[in-house]
Amino acid sequence: MSKRPKDNTVGPWAKEKLDALGAYLNYYTRRLKNQGHWLKGTVFLDAFAGPGLSPVRTQEAPATKGGLFGDDAEAEKVQVEFLKGSPRVALDIANPFTSYIFIDMDPERAADLHALEVEYGASRRIIVVEADANAAIEAWVAGGVDWRHHRAVAFLDPFGMQVPWSTIEKLAATRAIEVIINFPLGMAIQRLLVRSGEIPEGWQMSLNTFFGSPDWRELAYEEKNDLFGGKVTKVHDSSARLLEWYRGRLRKAFGHVSTARLIRNTRGNPLYYLIWAGPHRAGLTGAEHILSKGERVRNSPA
Ligand SMILES: C[S@@+](CC[C@H](N)C(=O)[O-])C[C@H]1O[C@@H](n2cnc3c(N)ncnc32)[C@H](O)[C@@H]1O
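Peer 1: An account of the overall build of the protein is needed here, citing residue identities and associated values.
Peer 2: Counting its regular elements, the protein contains ten helices and 14 strands. Taking all 302 residues of the protein together, 47% fall into the buried category. Residue pairs at least 24 apart in sequence account for 73% of intrachain contacts in the protein once pairs closer than 6 positions are excluded. For the protein, the exposed area adds up to about 15200 Å²; of that, 52% sits on carbon and sulfur atoms.

Peer 1: Requested: an account of the pattern of salt bridges, with residues and values cited.
Peer 2: Opposite charge on two side chains permits them to pair, given that their charged atoms come into close proximity. Applying the stated criterion across every chain, the model contains ten salt bridges. When the shortest N-O distance is used, the salt bridge between Arg-88 and Glu-119 registers 2.8 Å. Placement of Arg-88 in helix H2 (residues 86–91) and of Glu-119 in helix H3 (residues 107–120) is noted, with a sequence separation of 31 residues between them. We classify Arg-88 as buried; its relative accessible area is 14%.

Peer 1: For the pairing of strand S11 (residues 229–234), give the residues involved together with the corresponding values.
Peer 2: As defined by bridge partners, strand S10 (residues 221–226) adjoins S11 across six bridges and the pair is classed as antiparallel. The residue of S11 that forms the bridge with Lys-224 is Lys-231. Linkage of S10 to S11, two consecutive antiparallel strands, is achieved through a turn of two residues.

Peer 1: Go over helix H6 (residues 185–192) with me, naming the residues and quoting the values.
Peer 2: Burial within H6 is extensive, with six of its eight residues counted as buried. Taken together, the buried positions of H6 are Leu-185, Met-187, Ala-188, Ile-189, Gln-190 and Leu-192.

Peer 1: Could you give me a rundown of the site of the ligand, with the residues and numbers involved?
Peer 2: As a matter of local geometry, the ligand sits amid 20 residues, with Asp-104, Arg-109, Asp-132, Ala-133 and Asp-157 nearest to it. Phe-48 places a polar main-chain atom, nitrogen or oxygen, 3.1 Å from a nitrogen atom of the ligand. The separation between a nitrogen atom of the ligand and a polar main-chain atom of Met-105 is 3.2 Å. Protein burial of the ligand: of its 600 Å² of free accessible surface, 90% is covered by the chains. Taken together, the residues of the shell around the ligand sort by class into ten nonpolar, three polar and seven charged.

Peer 1: Please set out the packing of helix H4 (residues 133–141) against helix H5 (residues 165–173) residue by residue, giving values where relevant.
Peer 2: Where H4 meets H5, the axes come as close as 10 Å, and the angle between the chain directions of the two elements is 20°. In terms of orientation, H4 lies roughly parallel with respect to H5. Seen along the crossing, H4 lies across H5 with a hand that is left-handed. For the pair formed by H4 and H5, the contact residues are Asn-134, Ile-137, Glu-138, Trp-140 and Val-141 on the first element and Thr-167, Lys-170 and Leu-171 on the second. When the residues that make up the contact of H4 with H5 are grouped by side-chain class, the tally is four nonpolar, two polar and two charged.

Peer 1: So, the confidence of the model for the protein: which residues are in play, and what are the values?
Peer 2: Per-residue confidence for the protein gives a mean pLDDT of 88, with 87% of residues at or over 70. Note that residues 63–75 has pLDDT below 50 and, in this model, seven contacts with residues that lie over four places away or in other chains. Residue range residues 297–302 is modelled with pLDDT below 50. Its contacts to residues more than four positions away, or to other chains, number 20 contacts.

Peer 1: Pulling in residues and values, what's your account of the packing of H6 against helix H9 (residues 238–254)?
Peer 2: Axis separation between H6 and H9 bottoms out at 12 Å; the angle between their running directions is 110°. Put simply, H6 runs roughly perpendicular to H9. Facing Leu-185, Ile-189 and Gln-190 of H6, the residues of H9 in contact are Ser-238, Ser-239, Leu-242 and Leu-243. Classifying every residue of the contact of H6 with H9 gives four nonpolar, three polar and no charged.

Peer 1: Could you give an account of the packing of aromatic side chains, with specific residues and numbers?
Peer 2: Note on aromatic pairs: each is described by the distance of the centres and the angle between the planes. Under the counting rule described, the total for this entry stands at 17 aromatic pairs. Ring centres 5.6 Å apart and planes at 10° place the aromatic pair Phe-210 and Tyr-246 in the stacked group. Placement of Phe-210 in helix H7 (residues 201–211) and of Tyr-246 in helix H9 is noted, with a sequence separation of 36 residues between them. The interplanar angle of 75° and the centroid separation of 6.0 Å between the aromatic rings of Phe-211 and Tyr-246 together place this pair among those described as edge-to-face. Pair noted here: Phe-211 is in helix H7 and Tyr-246 is in helix H9, with a separation of 35 residues, a long-range link. You can call Phe-211 buried: its relative accessible area is 0%. Put simply, the rings of Tyr-24, Tyr-27, Tyr-28, Phe-44, Phe-97, Tyr-100, Phe-102 and Trp-276 touch in pairs and so form one group of aromatic residues. Here the guanidinium or amino end of Arg-217 rests over the ring plane of Tyr-221, the centre of that ring lying 5.7 Å away. Across the ring face of Trp-165, the terminal group of Arg-249 is positioned such that the distance to the ring centre comes to 4.6 Å.

Rules used in this analysis
- Sequence order sets the numbering: in each chain, residues are counted from 1 along the sequence as written.
- Given that this is a predicted model, residues contribute local features only at a pLDDT of at least 70 and side-chain atom pairs are listed and counted only at 80 or more, while totals for whole chains, interfaces and linings are drawn from all residues.
- Hydrogens and waters are ignored; side-chain quantities use all the structure's heavy atoms.
- The numbering of helices and of strands both runs from the N terminus, where a helix is a DSSP run of H or I of at least 4 residues and a strand a run of E of at least 2.
- Relative accessibility decides the category of a residue: with a 1.4 Å probe and only protein chains considered, values under 20% of the type maximum give buried, values over 50% give exposed, and everything between is partly exposed.
- Here, residues are in contact when the closest pair of their heavy atoms is within 4.5 Å.
- Note on areas: Shrake-Rupley with a 1.4 Å probe; residue coverage comes only from the protein chains shown.
- When a carboxyl oxygen of Asp or Glu is within 4 Å of a side-chain nitrogen of Lys or Arg, the pair counts as a salt bridge.
- Pairs of strands are assigned from DSSP output, requiring at least two bridges between the strands.
- Residues are labelled near a given molecule or strand when at least one of their non-hydrogen atoms is within 4 Å of it.
- N or O atoms within 3.5 Å of each other form a polar contact, as long as, within protein, one can give a hydrogen and the other can take it, and as long as residues adjacent in sequence are counted only when both atoms are side-chain atoms.
- Charged means Asp, Glu, Lys or Arg here, nonpolar means Ala, Val, Leu, Ile, Met, Phe, Trp, Tyr, Cys or Pro, and polar covers whatever is left, Gly included.
- Think of each axis as a best-fit line through the C-alpha atoms, taken over the contacting stretch in the case of a helix, with angles from 0 to 180 degrees between the N-to-C directions.
- Angle categories: roughly parallel below 35 degrees, roughly antiparallel above 145, roughly perpendicular from 65 to 115, and oblique for all the rest.
- Left-handed is the label given to a crossing in which the near helix is rotated counterclockwise from the far helix by less than a right angle, and right-handed is the label when the rotation is clockwise.
- Known as pLDDT, the predictor's per-residue confidence is scaled from 0 to 100.
- Only rings of Phe, Tyr and Trp enter the pairing, Trp through its six-membered ring, and a pair is recorded when the two centres are within 6.5 Å. The plane angle decides the type: under 30 degrees is stacked, over 60 is edge-to-face, the rest tilted.
- Lysine NZ or arginine CZ positioned within 6 Å of the ring centre and within 35 degrees of the ring normal marks a charge as sitting over the ring.

Written out as structure tokens, the structure is:
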């Protein structure tokens, strides 16, 4: 399930996400700068790269009352600010990566990404891939990169549940890639976990694929007995349980996982969590410093 704004705008909360991303990428490349000869290259892979620049939905103009056709159905959006998307955030850090891979399956967005190749010229090595992110990641990790001498950060920031657990496993298996993941608990997962527990089969399959296990059901629902027999109900803390379970699975796959940073929309509703996972404690130290700054679920990192 995914929710993509039709007008290509982003919500103001995207800034919090992108600031955290920029801070971590700066930390990462600074840390790896003087590693010596063993390190032959660093890669930033943006798997759901989006456009280079997005108008921010900053405020709503008041709806006009009583016009010829009645009240305006929708308030007009006023856009007064543009936000650099994740590709530009990564390209503009002080110590750049050796190369950048930007993936987006949308042809218009891929064209925007190609424009970055021209704009940044020889100063940055950019590869644009117009394809499904999961297929492109599979090809990349299997494609002959010498992971003993290369390090990478993969940013996985889709609109919904487009990153199956099988992709996470492939990235973790390299022991050389760190991930920063948008865990879409509010904006996608909870929408499928209906109160009654009667989840359509297609949605169940999506959840199984996303989590790589059917155990989400046991975490999100319980069976209670009343006068009329057993009844399935959703547990009140399903969000916290699913988040902790997913973090635990990331820790097992990568070795280390950060605190999850909650991103809310302007109405205060939880949208998603940003989570870092990777094979090295030094990465965790930086990620923890950055991701524990916002609102978060309190948990000990490992
Ligand atoms: C949330 S936006 C990315 C925003 C961007 N990371 C940023 O912060 O500036 C998600 C992007 O993923 C792309 N997308 C959606 N499904 C995809 C898939 N399966 N493979 C590759 N790109 C996909 C969409 O076209 C969209 O541009």
